[in-house]
Amino acid sequence: MKGVTDLEHPAQPPSAPRAWEASDPYAAALRAGRGPLFLRRTDGWLLPLDVERWCARADAVDLEVLDRCEGAVLDVGCGPGRLVAELAARGRTVLGIDVSEAAVARTVRTGGQSLRRSVFEPLPGEGRWDTVLLMDGNVGIGGDPGALLARVAALLAPGGLLIAETAPADVDEHAQVQVVDVTDGRAPGGTFPWARIGTRALLRRAGAAGWRGAGQWTSEERRFVALRSTRRASSSAEPPNSTAVISSQRVRKPSGDSPATDR
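A quick note: this is a predicted structure, and the numbers were derived from the prediction, not measured.

**Some points on the overall build of the protein chain**
A count of helices and strands for the protein chain gives 8 helices and 11 strands. Put simply, the protein chain has 263 residues, and 52% of those count as buried. Accessible surface, the protein chain: about 11,300 Å² in total, of which carbon and sulfur atoms supply 49%.

**As for the environment of Gly137**
Inspection of the secondary structure puts Gly137 in the loop between strand 6 (129–134) and helix 6 (145–155). Of the residues examined, Gly137 reaches a relative accessible area of 24% and is grouped as partly exposed. Each C-alpha atom of the pair Gly137 and Trp194 lies 9.7 Å from the other, and the pair is 57 residues apart in sequence. Setting aside residues up to four positions removed in sequence, Gly137 forms contacts with Glu165 and Trp194.

**Concerning the sheet that holds strand 6**
Read from one edge to the other, the open sheet built from 7 strands follows the order 5-4-3-6-7-11-10, with strand pairing classed as mixed. Taken across any chain shown, the strands that pair with only one partner, and hence form the sheet edges, are strand 5 (114–116) and strand 10 (212–219). The sheet shows a mean angle of 20° between the axes of neighbouring strands, direction not considered. For strand 4 (residues 94–98) and strand 5, the ladder comprises 3 bridges, and the chain directions are parallel. Looking at strand 5, one finds that Ile97 is bridged to Leu115. The strands touched by helix 4 (residues 82–89) are strand 3 (73–76), strand 4, strand 6 and strand 11 (222–228); relative to strand 4, the strand with the most contacts, the crossing angle is about 165°. The strands that helix 6 touches are strand 3, strand 6, strand 7 (156–166) and strand 11; relative to strand 7, the one it contacts most, it runs at about 140°.

**So, the side chain of Asp98**
Positionally, Asp98 belongs in strand 4. Lacking a salt bridge, the buried Asp98 has Arg116 as its closest oppositely charged neighbour, with an N-O distance of 7.7 Å. A distance of 3.4 Å separates the side chain of Asp98 from the backbone nitrogen of Cys78, its partner in a polar contact.

**Describing the sheet that holds strand 8 (residues 172–180)**
What links the strands of a sheet is backbone hydrogen bonding, and the strands pair in either a parallel or an antiparallel sense. Overall, antiparallel pairing links the 4 strands, which are arranged 2-1-8-9 in an open sheet. Each edge of the open sheet is held by one strand with a lone partner, namely strand 2 (46–48) and strand 9 (192–197). The mean angle between the axes of side-by-side strands here comes to 45°, regardless of whether they run parallel or antiparallel. Of the pairings in the sheet, the one linking strand 8 to strand 9 comprises 6 bridges and is antiparallel in character. When the bridges of strand 9 are listed, Asp172 appears paired with Ile197.

Cut-offs used in this document
- Residues numbered from 1 in each chain as written.
- Predicted model: local features only at pLDDT ≥ 70, side-chain atom pairs only at ≥ 80, totals over all residues.
- Heavy atoms only, no water.
- Helix = DSSP H or I, 4+ residues; strand = E, 2+ residues; numbered from the N terminus.
- Buried < 20%, exposed > 50% of the residue type's maximum accessible area, 1.4 Å probe, protein only.
- Areas by Shrake-Rupley, 256 points an atom, 1.4 Å probe, with all protein chains shown as cover.
- Contact = heavy atoms within 4.5 Å.
- Pairing = 2+ DSSP bridges.
- Axes fitted to C-alpha atoms, helices over the stretch in contact; angles between N-to-C directions.
- Lys, Arg positive; Asp, Glu negative; His and termini not counted.
- Salt bridge = Lys/Arg side-chain N within 4 Å of Asp/Glu carboxyl O.
- Polar contact = N/O pair within 3.5 Å; in protein donor to acceptor, adjacent residues only side chain to side chain.

Written out as structure tokens, the structure is:
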């Protein structure tokens, strides 16, 4: 089987700055395993970030999502890695990616494989993942859900599954935000684009982009959408495997990457 380093025409990263990795409050919160931490819009509105839940083990709602995953799983914006660690403990092929060095490091400590990289940069196994996860509001990455849906479609194998956690409200908003710790006012990183999108808006965008709905559900006030890729199969595509994922991270790493499985 050829390895996942054999990628043709990898996607190019966006021009937006990688502000998450420069966010000291975010890194400090992940190292401590607790907040308070918020996304702050330029108009001052605050969105609380559930750091304690992210740094805990996967909860019952998370487990419901993971039970729906198929094949090899890519967790986009994996944070401190609770989902990656749970899937790894089940013996699944799984990789987490995050632009935060602190997030990648914590994922590794919990037993998962993780790579410090943006979803818009070249990734192992492009076009071969069976499931992509966008949990904890990560459907807002980049501030353009349409562009993110297109990128995820390129990462998935034909017929692959996307599971996204949507906003609890019926919103479709885009803003510049900043990570802040309101207890001491720290927010050294610059602003970056983010989106909040509810189930109805995501399904509308996905349908326009050619995705097929595969389900939607609510569990303990958290909302989820499952979408099925309609991309056609390539005769040369092969699924990612755990050995190839590790090999790819060691052999091909752009400057600034931290290949966390090389330990």
